[in-house]
Amino acid sequence: MSTTIDKDDKDDKDDKEPIIHVRNVVKTFGNGVRALDGVSIDIGRREVVVVVGPSGSGKSTFLRCLNGLETADSGEIVIDGIPLDHNRKNRLEIRKEAGMVFQQFNLFPHMTVGRNIDLAQIRVRGASTEEARRNTCELLTKVGLEDRVDAYPAQLSGGQQQRVAIARALALRPRVMLFDEATSALDPEMIGEVLDVMRDLAREGMTMVVVTHEMGFAREVGDRAVFIDEGRFIEIGPAAEVFDNAKEERTREFLSKVL
Amino acid sequence: MRSRTLKRFFTHILRTPVPDVLGFVALLAALGLLFAYNTAALGYRWQWHRVLRFIFTIRDGGFVPGPLLTGLGVTLRVVAASLVLSILIALVTALFRLSRSLLAQTIARVYLEVIRNTPLIVQLFFTYFVVAPLVGMDGWTAAILALSLFEGAYASEIIRGGITSLPAGQWEAAYSTGLGRRDALRFVVLPQAFRRILPPLVGQAVSLIKDSALVSTIAIYDLTMSGQVIVARTFLAFEIWFVVALIYLVITVTLSASVSVLRHKLLGKYEYHY
């Protein structure tokens, strides 16, 4: 199964270089809230970084800054060698490199599942309809929904919709996947199927940044964990260490509440 | 068993435009009775038999439209042209208002304020008597242009509302799959907005049909103008204006009803989920 990771040899060439480089990023919202207060991190290829923290701590804002859905006030973000700045071309390029999965799925309700996944391939990569559909079916097989290609999103369960959303995010063969609380809007019995897909992706070597409230999953799949509070990275370390042996008092306090 | 089928039949009927149409007809009948009663008291002599030939005549076995039907043809042509043009103007204005360019926003705002704060009849006169001679425009073009500019202003607010009412997540999803602003609009936002704005847009089209009666003031021989001419010649004021009103009613109700049916057919395939 190498549907998404068959990249050119660029991957191996600069394997040591971080694929995501974030330096001193600050983001303030209109109401004066400092959502991100100077955060920095380097994320390597094939690394899975889980981001945990209380609500309103800036987790989502951090993720949304990474693909330019929010524009940072200051600081530096470089994804796979492309600086995220005011250059529109760069921003489009980064969005091709970074797939995003949302809490609310955000599938296009007026299109079939197949069309949802075809669209960007055709419009952005210039694929032919047949080419796109072939890739779409492969992606749907990967998330276990190959038989729902002609269904409309409203005909699917929440878990199925989120799996479609993951397939859609993978459609342009991104090098990075961003998950913004991908299971938070799901009924408990559907969380597992979505986490399984994410686990498979991690195993295939996808670079992932995962904002989540699923602590068990975070500890199991994460290579590194970031604890964020009030817009600051309080603690960054190997996932097992952060979850079992946090250095910071605030991390321990938060984890004791949610674990 | 039978009562359940009956009930289902009635619930089905209630969802269609049929009750509205029946209501209209009932209201019309009641009004007609009232008028008949009062005109009898006034001593008005009804001459319905003289009316038909103004609608159509059969000559040499052929159907010859009378002045009222000819006028209706003119009205429909003016309306059709204005409808297309006003939707285009509306779409561009809505996109201008939503654009990040200050210039585009200002142009749209000025246009909207001017159009919405002056009477349509003044706009018609201005276009016909001031603008048209300056640029060598004929009456038809002036009428269509003025109507389109007027209705386009209102329709643009409807379209803008439809676009802004979409959840931000749809834009974000489109962007994060790599689509640019134009593609996001074209494939994701506008198709969804269109489904939401269709009903109010049809209402606006009905307004357009009614407002088109004002083009009679700039010497366009539309339905209203034809009615006026006939009344001036024959003094059949009650009969002719009844017929003219009925013709307007028939085309507006037909438009609303057919779009409503079309919408159910078009959108019945799936529901929304946000």
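All values derive from a computational prediction rather than experimental measurement.

K.L.:
How should helix H5 (residues 102–116) of chain B be read in this particular structure?
P.N.:
Each full turn of the α-helix corresponds to 3.6 residues, which orients residues three or four apart in the same direction. All names here are of chain B. When the terminal C-alpha atoms of H5 are compared, their 21 Å separation across 15 residues agrees well with the 21 Å that a helix rising 1.5 Å per residue should span. For H5, the complete set of buried residues consists of Ala 104, Ala 108, Tyr 111, Leu 112 and Ile 115. Buried residues of H5, seen end-on, are gathered within an arc of 95° and therefore sit on one face of the element. Looking at H5, the residues exposed on the side facing more than 90 degrees away from the buried face are Leu 102 and Leu 103. Capping the start of H5, Ser 101 holds a side-chain oxygen 3.3 Å from the backbone nitrogen of Leu 103, two or three residues further along.

K.L.:
Teacher, can you tell me more about the nonpolar core here?
P.N.:
Here is a general trend for soluble globular proteins: nonpolar side chains tend to be buried in one another's company. Counting 53 residues, the largest nonpolar core has Ile 20, Val 22, Phe 62, Leu 66 and Val 209 of chain A as its most contacted members. The element contributing the most residues to this core is helix H9 (residues 181–211) of chain B, with eight residues. Among the nonpolar cores identified, the runner-up in size contains 49 residues, and Leu 107, Val 113, Leu 140 and Ala 169 of chain A belong to it.

K.L.:
It is not clear to me how the pairing of strand S6 (residues 98–101) of chain A should be interpreted in this structure. Could you clarify?
P.N.:
On any regular strand, side chains alternate: one points to one face of the sheet, the next to the other face. Residues and elements named next belong to chain A. Neither face of S6 is exposed, since Ala 98 and Met 100 on one face and Gly 99 and Val 101 on the opposite face are all buried. Relative to strand S7 (residues 176–180), S6 is paired through four bridges, and the arrangement is parallel. Across the sheet, Gly 99 pairs through a bridge with Met 177, a residue of S7.

K.L.:
Just checking my understanding: could you explain the sheet that holds strand S1 (residues 20–28) of chain A for this structure?
P.N.:
Two pairing modes exist for strands in a sheet, parallel and antiparallel, and in both the strands are linked by backbone hydrogen bonds. Residue and element names in this part refer to chain A. Strand order in this open sheet of four strands is S2-S1-S4-S5, and the pairing throughout is antiparallel. Edge positions in the sheet fall to strand S2 (34–43) and strand S5 (82–83), since each has one partner strand and no second. In this sheet, strand S4 (residues 74–79) lies alongside S1 in antiparallel orientation, the contact comprising five bridges. Looking at the pairing, Val 22 lines up with Ile 77 of S4. Helix-sheet contacts for helix H2 (residues 59–66) involve S1, S2 and S4, and the interaxial angle to S2 is about 60°.

K.L.:
Looking at this structure, I do not really get the pattern of salt bridges. What am I missing?
P.N.:
Close approach of charged atoms lets side chains of opposite charge pair. Residue and element names in this part refer to chain A. Per the stated rule, a full pass over the model turns up 27 salt bridges over all chains. Across the pair Arg 250 and Asp 229 runs a salt bridge, and its minimum N-O distance is 3.4 Å. Within this pair, whereas Arg 250 is found in helix H10 (residues 249–258), its partner Asp 229 is found in strand S9 (residues 224–229), the two being separated by 21 residues in sequence. A relative accessible area of 37% places Arg 250 in the partly exposed class. Where salt bridges share partners, they join Arg 45, Asp 80, Glu 97 and Arg 175 into one cluster.

K.L.:
Please explain the sheet that holds S9 of chain A as it appears in this structure.
P.N.:
Residue and element names in this part refer to chain A. Reading across the sheet, the six strands line up as S6-S7-S8-S3-S9-S10 and stay open at both edges, with mixed pairing between neighbours. Edge strands, defined here as strands with exactly one partner in the open sheet, are S6 and strand S10 (232–238). Recorded for the sheet is a direction-independent mean angle of 15° between the axes of neighbouring strands. Judged from the four bridges that link them, strand S3 (residues 48–52) and strand S8 (residues 207–211) form a sheet pairing that is parallel. The partner of Val 49 across the bridge, within S8, is Val 209.

K.L.:
Is there a simple way to think about the packing of helix H6 (residues 158–169) of chain A against helix H7 (residues 188–203) of chain A in this case?
P.N.:
The axes of two packed helices give the description: the angle between them and the distance between them. All names here are of chain A. Their axes nearest at 8 Å, the elements H6 and H7 cross at an angle of 20°. It follows from the interaxial angle that H6 and H7 lie roughly parallel. Viewed along their axes, H6 and H7 form a crossing whose handedness is right-handed. Between H6, through Gly 158, Gly 159, Gln 160, Gln 162, Arg 163 and Ile 166, and H7, the contact on the second element is made entirely by Met 190, Glu 193, Val 194, Val 197, Met 198 and Leu 201. Along the lines of polarity and charge, the residues of the contact of H6 with H7 split into six nonpolar, four polar and two charged.

K.L.:
Honestly, the packing of helix H4 (residues 67–98) of chain B against helix H10 (residues 223–234) of chain B in this entry has me stumped. Any pointers?
P.N.:
Residue and element names in this part refer to chain B. Contact geometry of H4 with H10 gives a least axis separation of 7 Å together with a crossing angle of 155°. Compared by their axis directions, H4 and H10 come out roughly antiparallel. Contacts between H4 and H10 involve Pro 67, Leu 68, Gly 71, Leu 72 and Thr 75 from the first element and Leu 223, Ser 226, Gly 227 and Ile 230 from the second. Partitioning the contact of H4 with H10 into residue classes produces five nonpolar, four polar and no charged.

Cut-offs applied
- Residues numbered from 1 in each chain as written.
- Chains lettered and ligands numbered in written order.
- Predicted model: local features only at pLDDT ≥ 70, side-chain atom pairs only at ≥ 80, totals over all residues.
- Heavy atoms only, no water.
- Helix = DSSP H or I, 4+ residues; strand = E, 2+ residues; numbered from the N terminus.
- Expected span 1.5 Å × (residues − 1).
- Buried < 20%, exposed > 50% of the residue type's maximum accessible area, 1.4 Å probe, protein only.
- Arc of directions from axis to C-beta.
- Polar contact = N/O pair within 3.5 Å; in protein donor to acceptor, adjacent residues only side chain to side chain.
- Core = buried A, V, L, I, M, F, W, Y, C linked by side-chain atoms within 4.5 Å.
- Pairing = 2+ DSSP bridges.
- Contact = heavy atoms within 4.5 Å.
- Axes fitted to C-alpha atoms, helices over the stretch in contact; angles between N-to-C directions.
- Salt bridge = Lys/Arg side-chain N within 4 Å of Asp/Glu carboxyl O.
- Parallel < 35°, antiparallel > 145°, perpendicular 65-115°, else oblique.
- Left-handed = near helix turned anticlockwise from the far one by under 90°.
- Nonpolar A, V, L, I, M, F, W, Y, C, P; charged D, E, K, R; others polar.

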